[in-house]
Each structure stands twice: as structure tokens, then as C-alpha cells.
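Examining the three-dimensional arrangement
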Amino acid sequence: MLEEILSSWVGVTLALLVVGFVLYQLFRPSGLPDLPIVGAKPGEWFPLVRAGWRNVTDMKTALELAYSKYRNQACIVPVAGAENFVLLPVEEFQWLIDQPDEELLTNIEEALQIKHTFTDPRLFQNPLHQKLISTTLTREVGNLIPDLLDEMRLIVDETWGTDTENFREICLYDAMQHIACRVANRVFVGLPMCRDANLRDTGLAFVADVPMEAMILRFIWKPLRPLVAPLLTLPSRLHTRRFCNLIRPEVEKRLREYEEAPVGGEKKPRHDFLQWSVDQAMAMSDPYYSKCDTLAGRVLLLNFGATHSSSFTMTHVLLDLACSDPKYQDELRTEVNSTLAAHGWSVNKRALSRMEKLDSTLRESQRLNTFVTVTPDRLVVKRGGIETPSGVRVPQGAVVCAPAYAVLHDPAIYPEPETFKPFRFAEKRSEIERENQNGSATGDCNGEKENEFSSSYVRRARQAFTATSPEYTVFGHGRHSCPGRFFATGELKLMLAYIVTHYDFERQGPRPENPWFGTIRTPPLTATIRVRRRKEPLFGGCVGDLPE
């Protein structure tokens, strides 16, 4: 009898909690400004909730509607399981990125549920790795190319095969994940650890865990998340522990070598991110930064960012090329070989920078396919909220952003925006160069010619893959733009150059559509292509002679 009463009481209590939660969500004041709600129907009840569910199932339409209908005014774009975004007009983009962190903060912690999915949230709250990325890693890109190329050759040949007679079908995303992870870890942890299959698989498992766990957590009422998260995030926590255990002996060895090195003496030369992190940590007074788990966590954090971005980018661009006219692949091969021939067959930073069609192909593919659809999403942290230039008052706790996807697909900015035109930006560079030459021929004085040359150089540089602007926000824009984009671009260009000169792609049919998950777009994760090793000499005959 007592058990029946208790069980019924528990059931009623749970039901009341669910009903209370639903009513709270439906009737609570949003605090948002009085703005048009994208996805809402006139006169309907609970417009934010209902529009949020409509938008999450068709985000592309919602973003296109917001851009076309409310281009010159702010509006609200609700997304179930994410945020009620206050979407500002394009002309307020620069104002948005210029606001200080004391008023607007990046919303990454909420998007990835950092305090639940990461065992050490301090890695995000004190991102010392960003300084190493923007300084040491960027500076060393040229010196890292031989290591990147060596690792790339081995893992690509291993993954894609070397059969020159028969085509082989591969799942593109799976293949590029393995390649990107191993190549990046050559720079992050060096040899031989970068080739540890257990480390790679654990890192890739963590990369897959976090977005899925974060997405589920965002659908759960915030007060309940601390109760649910320990169980829900168990996979990412287990993979974090395993990753740290795998890398711990190497970290301990590096720390020991640092401490045992004579004062003022030369330390054992190592050229990777882990060593730079050890050197940085040992120079700091806080022992937290030199803990094994902290250093291992920073390497795992880099794996998370680098593997996602590189594998997404390479999957997109190779799909684009495989589903396009084969003449584009031929033109890329010609550019790679002619550029290397002009540089004495040396694969280096200068040679890569001259491969403008290769650079343009990556930039164009990301324009079409980037996962960045609204940017920069910023959390209002200023007490009392902020006021936009158009007079909209946005309360503390709201998230503001500006259009990205719609701008990248705007025909007024990019003619034929839905067409993959791989040399779009290379042709723009050539056009600027021709204009400069014509202007130089008619210039009246040296001062005018110098100004024209300077202006031409800047305009050409703005067409590069790494260049950001309000019209090209693949890497963000402003002071919070991606600090690792220079390293990533070097790695991606090297990877694409190697693949197109070593493999033929069997012509595909129509390109598979990119799936949407809320505001995030991914490549088609199960798409396959058929590839075959080319019989021609590798990179004009030089790279094939690299030592095993």
C-alpha cells in the first residue's frame, strides 16, 4: 500500500514538474526587444517557441527570409535548442565586432556547453593556447611545411591507396578526418606520437562526442543540466581521460627534460605545439599551467578545433571538384607543377603563396559551404544591456549576431552565388593586376604609381583565403577572427595540392546537399567519391623522392 502511494506521488510530482516547465517556457517574458520574429505567423500564440521549431527544421529558409525581408533592420531569429538570436542588419556588423568584451562576449561556452562537455573549463576561460597559435605557430608555418608534407604523403597514400589501374571508393569525410587529425598532430605532438592509432581514434571520438552532447544539453532546461550532464557527457569525459593517459608519458618526459636542462644551457630541440606549451607553462608562476592534464587538455582542445575545420573544408572542396568539370582539376595540377618548377621544385611557403588558383578554390568552396551561418554571435554581458546604432535595446543575457550565410550567397556581392566557380577570386586578383598595369602605364609621376601599386596590393590581398571582411566571414572578422587560419591555410593548400596532383577523381553526379543542424551546416558525412592514383611523376618528380 505504501509503495503504491509513493509511486503515484512520484509520478504526479514528475508530471507537475513537466507541466510547470512547459508553462514556464510558454509564458515567461522573453525580455527581448519588440522586433519582427522570423518564422512566426501573424497573430499566433507563443510565436517565439513555435517559430523556433519551424526554423530549426529549415534554417536555410529562415536565414534567407531574414536577409531578404529585414535586411535593413534588426529582427529575432528563434532557434529551438539554441538561442533567440537578435539578428542585426549588415550595416551594423562592424559596430558589433568593435564592441569591447566587457559588453559582448563570444558565445562559444554556451554553444558547446563547455562547463559540462569539457572536464577543465579553464582551458577555455584562460585560452593561453591562442597566443601560441597567433604568434609562434603562425611564425613557424614555413618551417613546418617539410614535416606536414612528409606526414601528409604517408597518411594520404595509406588511406587513399596507390593503385594506378583501378578506381577505389572512399567515404570522403571519414578519410579526411583521419588524414587531418594525423597531419595536425605532427605539429601538435610530433613524432612518433602523431602516428599512435589509439591517440588518433580517441581524439576523433572526442571530436564527435562534444557537438552531439552539447546539442542535447541545449534542449534540456538549464536548472536540470547539472543533474543530467554527468551521465550524458560520460563519453566525452572518458575519451578525455583516455587521451590524457595516452599523452601523459610524453608530457612528463618533456617536463623532466625542461627541469633537468642546465641553467642557460641548450634544451633538446623540439618543434611542436606541445613543447611550446611546456616552455610557456614553465615560465609562469601558476603551477596549474604545467600540470600534465592541463598540457594534455590543451593538445586535445587543438585537436577538436583543427580536426573539425580541416576535415570539413577538405571534404567540401574535394566534393566540389569531383562534381565539377574535370578541367578545373587539370588547371590546378598545371598551376602546382609550374609554380614548383619556378621555385626549383622546392615545396615551401613562398611557392604555396603563388598558387592563387589553389587558394581561390578553397576560398570559393568555403564561401558556398562554410558552417558559419550567423556571425559573430555575441552574448550581452553588460549590466542593463546595450543599444545598437539603430536604437534597438538588447537586454543582458541575449545573443546578438549578424548575417553570414545570406551575405555569402548574395548575388549583388557574388554573381551566380549558387555556382561553384573555383577561380572566382583568382580571376579577381588578375583583374586588379591588369587595372594596376593599365594605370601604371598612364601614371604621371612616381608618387601616383607608388600609391596605385600599394592600393593594388591591398585589393589583391583581400582576395586571399585568409582575408576576412564583413562580406567574407568564414574565419570570422576583427580581433576575434580565427587565430589559426594562417597555419590552417598552409596545411589545406598543401593537402589539396598533393591530392590533386596524385589522384584522379571519377566524375560524380550532382553534388550531395549539405545537412543543417540548427544554425550549423556540415558536409554530407556519408558521401563517397571514387579515386585512382595518377601515373605521372609526383609533384613533377621531386616529392616522390622523399625518404620513407
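Residues numbered from 1 in each chain as written. Predicted model: local features only at pLDDT ≥ 70, side-chain atom pairs only at ≥ 80, totals over all residues. Heavy atoms only, no water.

**Digging into the sheet that holds strand β12 (residues 528–533)**
- Ordered by their spatial adjacency, three strands build an open sheet running β4-β12-β9, and the pairing between neighbours is antiparallel. The sheet terminates laterally at β4 (168–171) and β9 (503–505), the two strands that pair on one side only. Strand-to-strand twist in this sheet, taken as the mean axis angle between neighbours without regard to direction, amounts to 45°.
- Of the strand pairs in this sheet, β9 and β12 are connected by three bridges, and their pairing is antiparallel. Pairing of F505 across the sheet is with V531, part of β12.
- Across the sheet, helix α22 (residues 485–502) touches β9 and β12, and the angle it forms with β9 is around 80°. (Pairing = 2+ DSSP bridges. Helix = DSSP H or I, 4+ residues; strand = E, 2+ residues; numbered from the N terminus. Axes fitted to C-alpha atoms, helices over the stretch in contact; angles between N-to-C directions. Contact = heavy atoms within 4.5 Å.)

**Re the environment of S290**
- You can see S290 is positioned in the loop between α14 (273–282) and α15 (292–322).
- Residues S290 and V278, 12 residues apart in the sequence, show an inter-C-alpha distance of 6.7 Å.
- Not counting chain neighbours up to four residues away, the residues in contact with S290 comprise L255, A281, M282 and L295.
- A polar contact is formed between the side chain of S290 and the backbone oxygen of P287, at a distance of 3.2 Å. (Polar contact = N/O pair within 3.5 Å; in protein donor to acceptor, adjacent residues only side chain to side chain.)

**Examining the packing of aromatic side chains**
- Tallied over the entire structure, the rule returns 17 aromatic pairs.
- Each ring, one from F118 and one from F206, has its centre 5.3 Å from the other, and the planes form 85°; the classification is edge-to-face. Pair noted here: F118 is in the loop between α6 (114–117) and α7 (122–125) and F206 is in helix α11 (residues 197–218), with a separation of 88 residues, a long-range link.
- By relative accessible area, F118 is classed as buried at 5%.
- For the pair F118 and F304, a centre-to-centre distance of 6.1 Å together with 85° between the ring planes defines the contact as edge-to-face. Taken together, the residues span a long stretch of sequence, with F118 in the loop between α6 and α7 and F304 in helix α15 at a distance of 186 residues. (Phe/Tyr/Trp six-rings, centres within 6.5 Å; stacked < 30°, edge-to-face > 60°. Buried < 20%, exposed > 50% of the residue type's maximum accessible area, 1.4 Å probe, protein only.)

**What to know about a nonpolar patch on the surface**
- Taken together, the side chains of V49, W53 and F219 present a nonpolar region at the surface, about 290 Å² in accessible area.
- Mapped onto the fold, F219 is located in the loop between α11 and α12 (225–232). (Patch = residues over 30% accessible without salt bridge, like charges linked within 9 Å, V, L, I, M, F, W, Y side chains within 5 Å. Areas by Shrake-Rupley, 256 points an atom, 1.4 Å probe, with all protein chains shown as cover. Salt bridge = Lys/Arg side-chain N within 4 Å of Asp/Glu carboxyl O.)

**Side note on helix α2 (residues 47–57)**
- Listed as buried for α2 are L48, A51, G52 and N55. End-on view of α2: buried residues confined to an arc of 110°, all on one side of the axis.
- Of the surrounding elements, those touching the buried residues of α2 are α3 (59–69), β1 (75–78) and β2 (84–87). (Arc of directions from axis to C-beta.)

**Some remarks on the confidence of the model for the protein chain**
- Summarising the model, the protein chain shows a mean pLDDT of 88, and 88% of its residues fall at 70 or more.
- Confidence over residues 540–548 falls short of pLDDT 50; this stretch has 15 contacts with residues more than four positions distant or in other chains. (pLDDT = per-residue confidence, 0-100.)

**Considering the side chain of T370**
- Tracing the sequence through the fold places T370 in the loop between α18 (356–369) and β5 (374–380).
- For T370, a relative accessible area of 2% corresponds to the buried category.
- At 3.1 Å, the side chain of T370 and the backbone nitrogen of V372 are in polar contact.
- In this view, T370 contacts L408, V474 and R521; residues no more than four positions away in its chain are not counted.

**Some thoughts on the packing of helix α8 (residues 128–139) against α15**
- At a closest axis distance of 11 Å, the pairing of α8 and α15 adopts a crossing angle of 60°. The angle between α8 and α15 places the two elements in the oblique class. By crossing handedness, the relation of α8 to α15 is classed as right-handed. Across the interface between the two elements, L128, H129, L132 and I133 from α8 touch R298, L301 and L302 from α15. (Parallel < 35°, antiparallel > 145°, perpendicular 65-115°, else oblique. Left-handed = near helix turned anticlockwise from the far one by under 90°.)

**Thoughts on the sheet that holds β2**
- Across the sheet, five strands lie side by side as β1-β2-β8-β5-β3; this open sheet has mixed pairing. Pairing within the sheet leaves two strands with one partner each, and these edge strands are β1 and β3 (104–106). Within this sheet the neighbouring strands show an average axis-to-axis angle of 40°, counted without direction.
- Here four bridges tie β5 to strand β8 (residues 399–403), and the two strands are oriented antiparallel to one another. Within β8, the position partnered with R378 by the bridge is V400.
- Contacting β1 and β2, α2 crosses the sheet at an angle of about 65° to β1.
- Against the sheet, α3 touches β1, β2, β5 and β8, its axis set at about 180° to β1.

**A closer look at the pattern of salt bridges**
- Under the counting rule described, the total for this entry stands at 42 salt bridges.
- The residue D150 makes a salt bridge to R186 at a minimum N-O spacing of 3.1 Å. Of this pair, D150 sits in helix α9 (residues 141–160) while R186 sits in helix α10 (residues 172–188), and the two are 36 residues apart along the sequence. Across the pair, exposure class does not vary: D150 and R186 are buried alike.
- The structure contains a network of salt bridges with shared partners spanning D147, D150, E151, R153, E158, R182, R186 and R195.

**Remarks on the environment of C171**
- Counting through the fold element by element, C171 comes out in strand β4.
- Given a relative accessible area of 25%, C171 falls into the partly exposed group.
- Along the chain, C171 and L525 lie 354 residues apart, while their C-alpha atoms are 8.0 Å from each other.
- Excluding residues that lie within four positions of it along the chain, C171 makes contacts with L525, T526, A527 and T528.

**A few points about the state of the cysteines**
- Enumeration over the complete set of coordinates arrives at zero disulfides.
- C292 carries a free sulfur, and the closest cysteine sulfur to it, the one in C244, is 9.3 Å from it.
- For C292, a relative accessible area of 15% puts it in the buried group. (Disulfide = S-S within 2.5 Å.)

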